[in-house]
Every structure is written in C-alpha cells, then in structure tokens.
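An overview of the molecular structure
Single-letter residue listing:
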Amino acid sequence: MIGAGVIGLSASASLVIGGVDVTCFERFAAAMGERSAGSSRIFRLAHSEPNLVRLAMSARDGFARWADDAGTPMVDSSGCVISGTDVIDRASAMSTAGAKYDMIESPSDIVRLPVVVPPSPALIDPAGGVIDVDAVRAYLLARTRNILVHEPVYALDCSAEAEVTVWSSSGGSHYDSVIIAAGSGTSALAAQVDIYTPPLLAHHVRFTFPIDDSSKWPAWIDNPAERLSTYQHRSGPGQWSVGGQIDAELTAWEVGREAATAASREAILDYVRERLSVKPTIVDSLYCTHVPDMGDGVEFRRNGLVLAIYGENLMKFAPALGAALAAAATEGSTPTVRELAGR
Ligand SMILES: Cc1cc2nc3c(=O)[nH]c(=O)nc-3n(C[C@H](O)[C@H](O)[C@H](O)COP(=O)(O)OP(=O)(O)OC[C@H]3O[C@@H](n4cnc5c(N)ncnc54)[C@H](O)[C@@H]3O)c2cc1C
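What you see is a predicted model; the values in this text were computed from it and never measured.

Interhelical geometry of helix H1 (residues 6-17) versus helix H8 (residues 318-331) gives an angle of 55 degrees and a closest axis separation of 7 Å. In terms of axis orientation, H1 runs oblique to H8. Handedness of the crossing formed by H1 with H8: right-handed. In contact with Val 6, Ile 7, Ser 10, Ala 11, Ser 14 and Leu 15 of H1, H8 contributes Ala 318, Leu 321, Gly 322, Ala 323, Leu 325, Ala 326 and Thr 330. Per-class residue counts for the contact of H1 with H8 are nine nonpolar, four polar and no charged.

This part covers H1. In this model H1 runs 16 Å from its N-terminal to its C-terminal C-alpha over 12 residues, within 8% of the 16 Å that 1.5 Å per residue would give. With nine of 12 residues buried, H1 is to be regarded as a mostly interior element. Taken residue by residue, H1 has Val 6, Ile 7, Gly 8, Leu 9, Ser 10, Ala 11, Ser 12, Ala 13 and Leu 15 as its buried positions. The elements touched by buried residues of H1 are strand S1 (24-25), helix H2 (50-70), helix H4 (133-144), strand S7 (148-149), strand S18 (306-311) and H8. Once H1 finishes, Gly 19 follows within two positions and takes phi at roughly 80 degrees, a positive value.

On to the site of the ligand. In the vicinity of the ligand lie 32 residues, with Glu 26, Ser 36, Arg 41, Val 153 and Cys 288 positioned nearest. Val 6 places a main-chain nitrogen or oxygen 3.2 Å from an oxygen atom of the ligand. Between the ligand and the protein, one listed contact pairs an oxygen atom with a side-chain N or O atom of Arg 41 at 2.7 Å. Coverage of the ligand by the protein chains reaches 95% of its 1000 Å² of free accessible surface. Residue assignment for the shell around the ligand shows that the elements contributing at least two residues are H1, strand S2 (40-43), strand S12 (202-210) and strand S16 (284-290). Looking at side-chain class alone, the shell around the ligand contains 17 nonpolar, seven polar and eight charged residues. Mapping the shell around the ligand onto the domain boundaries places at least three of its residues in each of domain 1 (6-35 + 136-199 + 296-342) and domain 2 (80-126 + 201-290).

Moving on to the domain arrangement of the protein. Under the domain assignment, the protein is made up of domain 1 (6-35 + 136-199 + 296-342) and domain 2 (80-126 + 201-290). Put simply, the middle of domain 1 and the middle of domain 2, counted by C-alpha atoms, are 30 Å apart. At the interface, five residues of domain 1 touch five residues of domain 2. Counting each side, the surface lost to burial between domain 1 and domain 2 is near 430 Å², with a carbon and sulfur contribution of 41%.

Spatially, the three strands line up as an open sheet ordered S8-S9-S10, and their pairing is antiparallel. In the strand order of this sheet, the two ends are held by strand S8 (153-157) and strand S10 (171-175), each with one partner. Each adjacent strand pair in this sheet contributes to an overall mean axis angle of 25 degrees, direction not counted.

A few words on the environment of Gln 192. Along the chain, Gln 192 falls in helix H5 (residues 186-192). When its relative accessible area of 35% is taken as the criterion, Gln 192 is described as partly exposed. The sequence separation of Gln 192 and Asn 146 amounts to 46 residues, and the corresponding C-alpha distance is 28 Å. Leaving out residues up to four positions away in the same chain, Gln 192 has contacts with Tyr 154, Ala 155 and Leu 156. A polar side-chain atom of Gln 192 sits 3.1 Å from the main-chain carbonyl oxygen of Tyr 154.

Applying the stated criterion across every chain yields a total of five aromatic pairs. Consider the rings of Phe 25 and Tyr 175, whose centres lie 6.3 Å apart with planes at 85 degrees: the pair is edge-to-face. Here the residue Phe 25 occupies a position in strand S1, and Tyr 175 occupies one in strand S10, the gap between them amounting to 150 residues. Residue Phe 25 is classed as buried on the basis of its relative accessible area of 5%. Judged by relative accessible area, which is 21%, Tyr 175 ranks as partly exposed. Grouped by ring-pair contacts, the aromatic residues Phe 43, Phe 63, Trp 66 and Tyr 139 constitute a single cluster.

The next thing to look at is the sheet that holds S12. Taken together, the eight strands give an open sheet; going across it, the order is S4-S5-S3-S13-S14-S15-S12-S16, and neighbouring strands pair in mixed fashion. Sheet topology places strand S4 (102-104) and S16 at the edges, where each strand pairs with a single neighbour. Across the sheet, the mean angle separating the axes of adjacent strands is 20 degrees when strand polarity is ignored. Where helix H3 (residues 87-97) meets the sheet, its contacts fall on strand S3 (80-84), S4, strand S5 (122-125) and strand S13 (219-223), and the angle it forms with S5 comes to roughly 35 degrees. Contacts between helix H7 (residues 257-275) and the sheet are confined to S12, S13, strand S14 (230-236), strand S15 (239-244) and S16, with S12 contributing the most and set at about 40 degrees to the helix.

Conventions we followed
- Residues numbered from 1 in each chain as written.
- Predicted model: local features only at pLDDT ≥ 70, side-chain atom pairs only at ≥ 80, totals over all residues.
- Heavy atoms only, no water.
- Axes fitted to C-alpha atoms, helices over the stretch in contact; angles between N-to-C directions.
- Helix = DSSP H or I, 4+ residues; strand = E, 2+ residues; numbered from the N terminus.
- Parallel < 35°, antiparallel > 145°, perpendicular 65-115°, else oblique.
- Left-handed = near helix turned anticlockwise from the far one by under 90°.
- Contact = heavy atoms within 4.5 Å.
- Nonpolar A, V, L, I, M, F, W, Y, C, P; charged D, E, K, R; others polar.
- Expected span 1.5 Å × (residues − 1).
- Buried < 20%, exposed > 50% of the residue type's maximum accessible area, 1.4 Å probe, protein only.
- Near = heavy atom within 4 Å.
- Polar contact = N/O pair within 3.5 Å; in protein donor to acceptor, adjacent residues only side chain to side chain.
- Areas by Shrake-Rupley, 256 points an atom, 1.4 Å probe, with all protein chains shown as cover.
- Domains from an automatic or database assignment.
- Buried area = accessible area lost by both parts, 1.4 Å probe.
- Pairing = 2+ DSSP bridges.
- Phe/Tyr/Trp six-rings, centres within 6.5 Å; stacked < 30°, edge-to-face > 60°.

Spelled out as structure tokens, the structure:
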C-alpha cells in the first residue's frame, strides 16, 4: 500500500483484519496528514448518482461497524442539508437508491442553519452528519501501526512477471500486489507503471469561525445558481467551518498556495458577512490540494499487479473503499462504483 491517508489506511486495516501480509508506505512522519488532515468532514448519503448514494450507504454501515469496534461514534447524527441547483437530482438519486430524505419547498426555520435567509428548496438527509476524523484516525492507526513504514516511495518497477518492486528510501522491496492510494502523489507514481490518473492539482482552503457552543446545526451543502457554492459544518465545539468553490483561476496550481489562500479567505469572508449569522472572524483554516472539476467521483485504474485509486470527497466513502481495495488487492480485480454499489 502506498499512502497512509484515510483510504490507504482503511484498505490496510481491511487487509490486516483479513490476515494478509501488508506494508503501508507513508512519506511523512504523520499518517492522515495531507488530504485527510483535520478533525472533521461531512458525511452524506445525498449524491446526484444512485450508485454513489448506495456506496455512501455501505460506507455508513462501515462507519457504524468501526464505531462498534472502537466504542466511540465515527459519524454524528446532526444530519445534512442540501440546497441549490442540484437538489432535485439528489432527491431523485436518493429515491432510486432507497435512501430516506425530506424536502422543504419554501424558506422555513425547520432548516436550522446559521443563515440570514433559510435556503429553499432544501433536502434534509437525516443519515448525514459530521465525521469525527480524530476517531477515524485513532481507529485505523490502532489496526495498522505495525505495518506502517514512514518512507517515501519514489519508484515502481513492474518489469518482473509476478512481482512489483517498490523503491523507497531504504531500497527495493518486492510485492505481489500494490495499491497506490497516495492522494496528491498518485499521478506521479501511477504514470511510472503506465496508469493515467489526473495530474492536475488545485489549492483548496476551508475556514473556521467561532459559534455559540450550544449550536447544533446540521452540515450544509449549498450550490446556488449564482454566487458561491459552499459546504459548511460544525467542525468542533464552538466551531463552524466553511469551504467554497472559489473561482478556478484564483486557486489554480500556478497561482501558488499563498495567493490561493488569500483569495479564498477574501471570498469566504465576503460570503460569511453577507449570508451567515456567524461572527466573521477566522479562528482556524485547513489547506489541501484537490483534483479540479472532479466533484464527488471515485475511479480505479489497474495495470497488471498495480491498482491506483483517485477521487474527490473520499472521506465519506472510506470504510467501503477500504474494503473494496483490500478485496481487489487479493483478487487482482479492478473495482467499479457500479459493482460496489451492488455489493
Ligand atoms: C478542506 C477539506 C475539506 C474536505 N471536505 C470533505 C467532506 O466534507 N467530506 C468528504 O468526504 N471528504 C472531504 N474532503 C476530501 C477528503 O478528505 C479526501 O478525499 C480524503 O481524505 C483523501 O484521502 P486519501 O487517502 O485519498 O488521500 P491523502 O489523505 O492525501 O493520503 C495520501 C497519502 O499518501 C502519501 N503519499 C503521497 N505520495 C507518497 C509517496 N510517494 N510515498 C509514500 N507516501 C506518499 C501522502 O503523504 C498522504 O499521507 C475534504 C478535504 C479537505 C482537505
């Protein structure tokens, strides 16, 4: 396994539990320190594709199993509100997949959000909520600590028939199956074994604002026809985090992290001042890179013994993707979302 983000660790944990001999390479000293960093993410069943709804349902069951094992909740029960242009598509996908939801047709205080005007129409996803990333990290690390190797992988060699050589800082090791779950490092490694994954990266920053600790608002994803699309949730005691789909030109890779962060900060602050009832004071921020224009997708690509995964907003699918990758590694198969949705 290459990469100890939430996906690599979930797959590694599944393999360890299945009694498979696995090594997980992580280039940094801390696991889940890149795209999986921070303490919270939004969980939701609400997607625009029925198969993604089904995959999220399977992941929800997986989070519940992890919670039972760990004796601590992994996803809270705050729910998730969806508003904006794609509400109808999401409602239709949820109906097809058999997921429960409520529709609120006109502005109403039933939609409990820190807003000046409640959004409408709004879809309430009662199975949605906030993923406790600290609990997920602790759970996965407890299962993978002994197989984690903190070394960067810099080369893959598939020239031998029945094994892949993984070159890391301590030399070459041989494996009969390799999964690349290296987030921003996936494309460079996959290209070495003739697997294409999107190489483009963009900057993304989420900002946190102080709120009254008694506020128990649901998570919220808003995609208005005009103005900023945002995702928002209670990210800890007294904290409300807001991320937005900032103009692609302002967050393109070439712009640089500093300028992209400054532009994102300005856009989010303008939005918060105009639309929210929270104090417009930034108390924290979380930076990551992402694949531009990918939305909620997840893709798998195999060449021989090497399987690569890439996608966006993958935290909410982690238990399901981990199990799927573990099965694919032992079977030599290539998962598809369609098949996973039917599992
Ligand atoms: C601000 C923000 C908000 C988000 N909001 C949501 C949300 O609300 N809901 C949701 O579901 N998802 C959300 N996401 C996305 C989600 O967090 C990511 O999709 C998910 O964490 C990706 O996990 P990963 O394991 O694929 O990648 P990563 O966590 O990036 O893990 C990849 C790992 O591979 C390691 N690596 C890379 N190259 C090498 C190499 N050559 N050798 C060894 N190791 C290597 C990296 O160091 C890294 O630790 C958000 C992300 C961010 C940053």
